[in-house]
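# Examining the three-dimensional arrangement
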Amino acid sequence: MAEMEDKVVGVDTGSTGDMWATEKQAEYGFAEIRRYEGLAPAMLDLQAGRIDGYVSDIPALQYYVKDKPQLAVVERIPTERSIR
């Protein structure tokens, strides 16, 4: 996450990732958080360079990137929800 300082992060509106990124924005120095209604539009913006990273549920991301070598899941972020 240290590489995301001054970067634009995408999240699903109202998701655990949205809550986590909003809570951690100052700590990690995200320049902006952009909210999306679903994975597909966010992935299009990621590939086009309009966002620098995307925080979402691991299974959905792993499935999406499995046949897209230009994309990768690079970090698992533990949240209160994942610890339960």
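Structure: see above.
So, here is what we can say about the structure in this document. Everything quoted here is computed from the prediction, not taken from an experiment. (Residues numbered from 1 in each chain as written. Predicted model: local features only at pLDDT ≥ 70, side-chain atom pairs only at ≥ 80, totals over all residues. Heavy atoms only, no water.)

Within the protein one finds 4 helices and 3 strands. Relative to the compact-globule value of 12 Å for 84 residues, the protein shows a C-alpha radius of gyration of 12 Å, a close match. Within the protein, contacts between residues separated by at least 24 positions form 48% of all contacts whose residues are at least 6 apart in sequence. With the model as given, the accessible surface of the protein reaches about 5,600 Å², and the carbon-plus-sulfur share is 50%. Averaging the locations of the 10 positively and 15 negatively charged side chains of the protein gives two centres separated by 5 Å. (Helix = DSSP H or I, 4+ residues; strand = E, 2+ residues; numbered from the N terminus. Rg over C-alpha atoms; globule rule 2.2 N^0.38 Å. Contact = heavy atoms within 4.5 Å. Areas by Shrake-Rupley, 256 points an atom, 1.4 Å probe, with all protein chains shown as cover. Lys, Arg positive; Asp, Glu negative; His and termini not counted. Charge placed at Lys NZ, Arg CZ, Asp CG, Glu CD.)

Attention shifts here to the packing of aromatic side chains. Taken as a whole and assessed by the stated rule, the structure comprises 3 aromatic pairs. Plain terms: the ring middles of W20 and Y28 are 5.6 Å apart, the flat faces sit at 35° to each other, and that makes the pair tilted. For W20, a relative accessible area of 9% gives the class buried. Ring plane angle 50° and centroid distance 6.2 Å describe the contact between W20 and F30, whose orientation is recorded as tilted. Residue W20 is located in helix α1 (residues 16-28), and its partner F30 is located in the loop between α1 and β2 (32-36); the two are separated by 10 residues in the primary sequence. Classification of F30 as buried rests on a relative accessible area of 5%. (Phe/Tyr/Trp six-rings, centres within 6.5 Å; stacked < 30°, edge-to-face > 60°. Buried < 20%, exposed > 50% of the residue type's maximum accessible area, 1.4 Å probe, protein only.)

What follows concerns the pattern of salt bridges. Overall, the coordinates contain 5 salt bridges when judged by the stated rule. Where R35 meets D18, a salt bridge forms, and the shortest distance between an N and an O atom there is 2.9 Å. In this pair, R35 sits in strand β2 while D18 sits in helix α1, placing the two residues 17 residues apart along the sequence. Among the ionic pairs, R34 bridges to E32, the shortest N-O distance being 3.0 Å. We classify R34 as partly exposed; its relative accessible area is 28%. (Salt bridge = Lys/Arg side-chain N within 4 Å of Asp/Glu carboxyl O.)

An α-helical segment advances 3.6 residues per turn. Residues three or four places apart therefore align on the same side. Compared with the 18 Å implied by 1.5 Å per residue over 13 residues, the 17 Å span of α1 between its first and last C-alpha is a close match. In the structure, α1 departs most strongly from a straight axis at T22, where the bend amounts to approximately 35°. For α1, the N-terminal capping position is held by S15, with its side-chain oxygen 3.3 Å away from the main-chain nitrogen of G17. With its phi angle positive at about 75°, G29 sits one or two positions after the end of α1. (Expected span 1.5 Å × (residues − 1). Bend = angle between axes of the 7 residues up to and from the residue. Polar contact = N/O pair within 3.5 Å; in protein donor to acceptor, adjacent residues only side chain to side chain.)

By the burial criterion, the buried members of helix α3 (residues 58-65) are I58, L61, Y64 and V65. In an axial view of α3, the angular spread of the buried residues amounts to 135°, which keeps them on one side of the axis. In α3, the exposed positions that point more than 90 degrees away from the buried face belong to P59 and Y63. Buried residues along α3 sit against α2 (39-48) and β3 (53-55). (Arc of directions from axis to C-beta.)

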